[in-house]
Amino acid sequence: MNLDAKAPSGELKDKWTKHKFESKLVNPANKRKFTVIVVGTGLAGGSAAATLAELGYNVLSFCIQDSPRRAHSIAAQGGINAAKNYPNDGDSVKRLFYDTIKGGDYRAREANVYRLAEVSNNIIDQMVSQGVPFAREYGGYLDNRSFGGSQVSRTFYARGQTGQQLLLGAYSGMMKMVSKGKIKMFNRREMMDLVTVNGKARGIIVRNLVTGELEKYAADAVLLCTGGYGNVYFLSTNAMTSNASAAWRCYKRGAAFANPCFTQIHPTCIPVHGDYQSKLTLMSESLRNDGRVWVPKKQGDTRKP
Ligand SMILES: Cc1cc2nc3c(=O)[nH]c(=O)nc-3n(C[C@H](O)[C@H](O)[C@H](O)COP(=O)(O)OP(=O)(O)OC[C@H]3O[C@@H](n4cnc5c(N)ncnc54)[C@H](O)[C@@H]3O)c2cc1C
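Novice: Would you take a moment to explain the site of the ligand for this structure?
Specialist: Taken together, 30 residues lie near the ligand, and Q65, S73, G79, M191 and S245 sit nearest. One nitrogen or oxygen atom from the main chain of A44 is found 2.9 Å from an oxygen atom belonging to the ligand. Here an oxygen atom of the ligand sits 2.6 Å away from a polar atom, N or O, in the side chain of Q65. Its free accessible area being 1000 Å², the ligand has 80% of it covered by the protein chains. The set of elements that each furnish at least two residues to the shell around the ligand consists of α2 (43-55), β6 (189-197) and α6 (245-252). No other element matches the three residues that β6 contributes to the shell around the ligand. Tallied by class, residues from the shell around the ligand come to 13 nonpolar, 14 polar and three charged.

This is the structure we're talking about:
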């Protein structure tokens, strides 16, 4: 297999800007002639579907759950990083890039991480405009906290339920375009296979989880936004639909699967303790660090918390 990351050429900081400038554009009047399939309605799929539809493309959106709002993104708690440097504590696009590369154990693709750091500020603006109620200081400015061991405060958050609030924002952006007829929503569908034409993804086969029937859908492009694969491990707090089923089917059609080591371990789990508990239960992340209150089991325990 030819391993080609297809990172754009040029200086690190210019790679994606240059690539975007050199890419062919689709005339606004022609966008309605193209259809894109988006599999998954979490933060990735929900926002991609909403944005593509806003741009004028026709979108077919699929998810396993009964509602897009039930994607596993809803479980995320802590917050989202952006290099806005609101607290003026020395943050910058370069520092967010540097910290992310280091935090990723030097395995992430530098060009893509740089792009992530570069657009991080726009993502916060987009979410605020979608109505996400990020925490604010008393003066009205968006609040930031220090998260994940970073030396600056750059995490935007909504109490302990950032993922839920972000997902509701993406969902309302999506539903606006559903009501305009630009997105067709197909819930309770599981992607069973990828259809390729001359090596390009052009469609999917899904099972209708209500009728049990197989259905086929064609498009000009397919986006796979099907989330994590935590359930490949024996123990996981992930929703049972975070099962790699869609990624596996694309792998069988020739796609490469990289870096399964990129799996987050949550240290605050309650083990399975009965027949009716299908998976580990995650305790609130606020029980760690600042939010933690240590209560000694035995009275008079002099150990430090
Ligand atoms: C407890 C927890 C806390 C977290 N905290 C943070 C945090 O503080 N900050 C941070 O940045 N990140 C955090 N994360 C990580 C982050 O939330 C996730 O990486 C992100 O939300 C994943 O979004 P997604 O859209 O890729 O996937 P998901 O939200 O999992 O969505 C996947 C979608 O794909 C669909 N799907 C899957 N397989 C199929 C199939 N075969 N056919 C059809 N549809 C399919 C599902 O139905 C679903 O709609 C946390 C994650 C968890 C679990």
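Novice: How should I be thinking about the pairing of strand β2 (residues 58-62) in this particular structure?
Specialist: For a regular strand, the rule is simple: side chains alternate between the two faces of the sheet. Among the five residues that make up β2, four are buried, leaving the element largely enclosed by the rest of the structure. Judged from the five bridges that link them, strand β1 (residues 35-39) and β2 form a sheet pairing that is parallel. The partner of I37 across the bridge, within β2, is L60. What joins β1 to β2 is α2, and the crossover it makes is right-handed. Two strands pair when backbone bridges link them, and β2 and strand β5 (residues 183-186) are joined in this way by four bridges, in the parallel orientation.

Novice: Mind showing me how you'd approach the sheet that holds β5 here?
Specialist: Two strands in a sheet stick together by hydrogen bonds in their backbones, pointing the same way (parallel) or opposite ways (antiparallel). Strand order across the open sheet formed by four strands is β5-β2-β1-β9, with parallel pairing between neighbours. Since the sheet does not close on itself, it has two edges, and those belong to β5 and β9 (221-224), each with one partner. If you compare each strand with its neighbour and ignore which way they point, the axes differ by 20 degrees on average. Sheet topology places β1 next to β9; four bridges connect them, and they run parallel. When the sheet's bridge partners are listed, I37 is paired in β9 with V222.

Novice: What exactly am I supposed to notice about the sheet that holds strand β8 (residues 214-218) here?
Specialist: Pairing in this open sheet of three strands is antiparallel, and the strands run β6-β7-β8 from one edge to the other. Each edge of the sheet is formed by a strand with only one pairing partner; in this case those strands are β6 and β8. With strand direction ignored, the average angle separating the axes of adjacent strands in the sheet is 25 degrees. Of the strand pairs in this sheet, strand β7 (residues 200-208) and β8 are connected by five bridges, and their pairing is antiparallel. By the bridge assignment, G203 is partnered in β8 with A218.

Novice: When you look at the packing of helix α3 (residues 93-103) against helix α4 (residues 110-129) in this model, what are you seeing that I'm missing?
Specialist: The relative placement of two packed helices is expressed as an angle between their axes plus a distance between the axes. Packing of α3 against α4 leaves a shortest axis separation of 9 Å and a crossing angle of 135 degrees. What the angle tells us is that α3 and α4 run oblique. The hand of the α3/α4 crossing is right-handed. The residues of α4 that touch α3, namely those facing V93, L96, F97, T100 and I101, are E110, V113, Y114, A117, E118 and S120. Counted by class, the contact of α3 with α4 contains seven nonpolar, two polar and two charged residues.

Novice: Explanation requested: the packing of aromatic side chains in the structure shown.
Specialist: How two aromatic rings sit relative to each other is set out by the distance from centre to centre and by the angle between their planes. Within the structure shown, the criterion is met by eight aromatic pairs. Pairing F134 with F156 gives two aromatic rings, centres 6.2 Å apart and planes at 65 degrees, and the pair type is edge-to-face. Residue F134 is located in the loop between α4 and β4 (155-156), and its partner F156 is located in strand β4; the two are separated by 22 residues in the primary sequence. This pair shows no difference in class: F134 is buried, exactly as F156 is.

Novice: Just to check I follow, could you spell out the nonpolar core for this structure?
Specialist: One broad trend across soluble globular proteins is that nonpolar side chains are buried collectively. The biggest cluster of nonpolar side chains holds 14 residues, and the ones touching the most others in it are I37, V39, F62, M191, I204 and Y217. Elements supplying a minimum of two residues to this core: β1, β2, β6, β7 and α6. Among residues more than four places away in sequence, those in contact with F62 are I37, V38, V39, G40, T41, M185, F186, R189, I204, V206 and Y217. Membership of the second largest hydrophobic core comes to twelve residues, among which are V38, L52, V59 and C225.

Novice: Where do I start with a nonpolar patch on the surface in this structure?
Specialist: Residues W248, Y251 and F257 make up a contiguous nonpolar surface patch of about 360 Å² in total accessible area. Given the relative accessible area of 47%, W248 is considered partly exposed.

Cut-off values and rules
- Residues numbered from 1 in each chain as written.
- Predicted model: local features only at pLDDT ≥ 70, side-chain atom pairs only at ≥ 80, totals over all residues.
- Heavy atoms only, no water.
- Near = heavy atom within 4 Å.
- Polar contact = N/O pair within 3.5 Å; in protein donor to acceptor, adjacent residues only side chain to side chain.
- Areas by Shrake-Rupley, 256 points an atom, 1.4 Å probe, with all protein chains shown as cover.
- Helix = DSSP H or I, 4+ residues; strand = E, 2+ residues; numbered from the N terminus.
- Nonpolar A, V, L, I, M, F, W, Y, C, P; charged D, E, K, R; others polar.
- Buried < 20%, exposed > 50% of the residue type's maximum accessible area, 1.4 Å probe, protein only.
- Pairing = 2+ DSSP bridges.
- Right-handed = clockwise from strand over helix to strand, strands pointing away.
- Axes fitted to C-alpha atoms, helices over the stretch in contact; angles between N-to-C directions.
- Parallel < 35°, antiparallel > 145°, perpendicular 65-115°, else oblique.
- Left-handed = near helix turned anticlockwise from the far one by under 90°.
- Contact = heavy atoms within 4.5 Å.
- Phe/Tyr/Trp six-rings, centres within 6.5 Å; stacked < 30°, edge-to-face > 60°.
- Core = buried A, V, L, I, M, F, W, Y, C linked by side-chain atoms within 4.5 Å.
- Patch = residues over 30% accessible without salt bridge, like charges linked within 9 Å, V, L, I, M, F, W, Y side chains within 5 Å.
- Salt bridge = Lys/Arg side-chain N within 4 Å of Asp/Glu carboxyl O.

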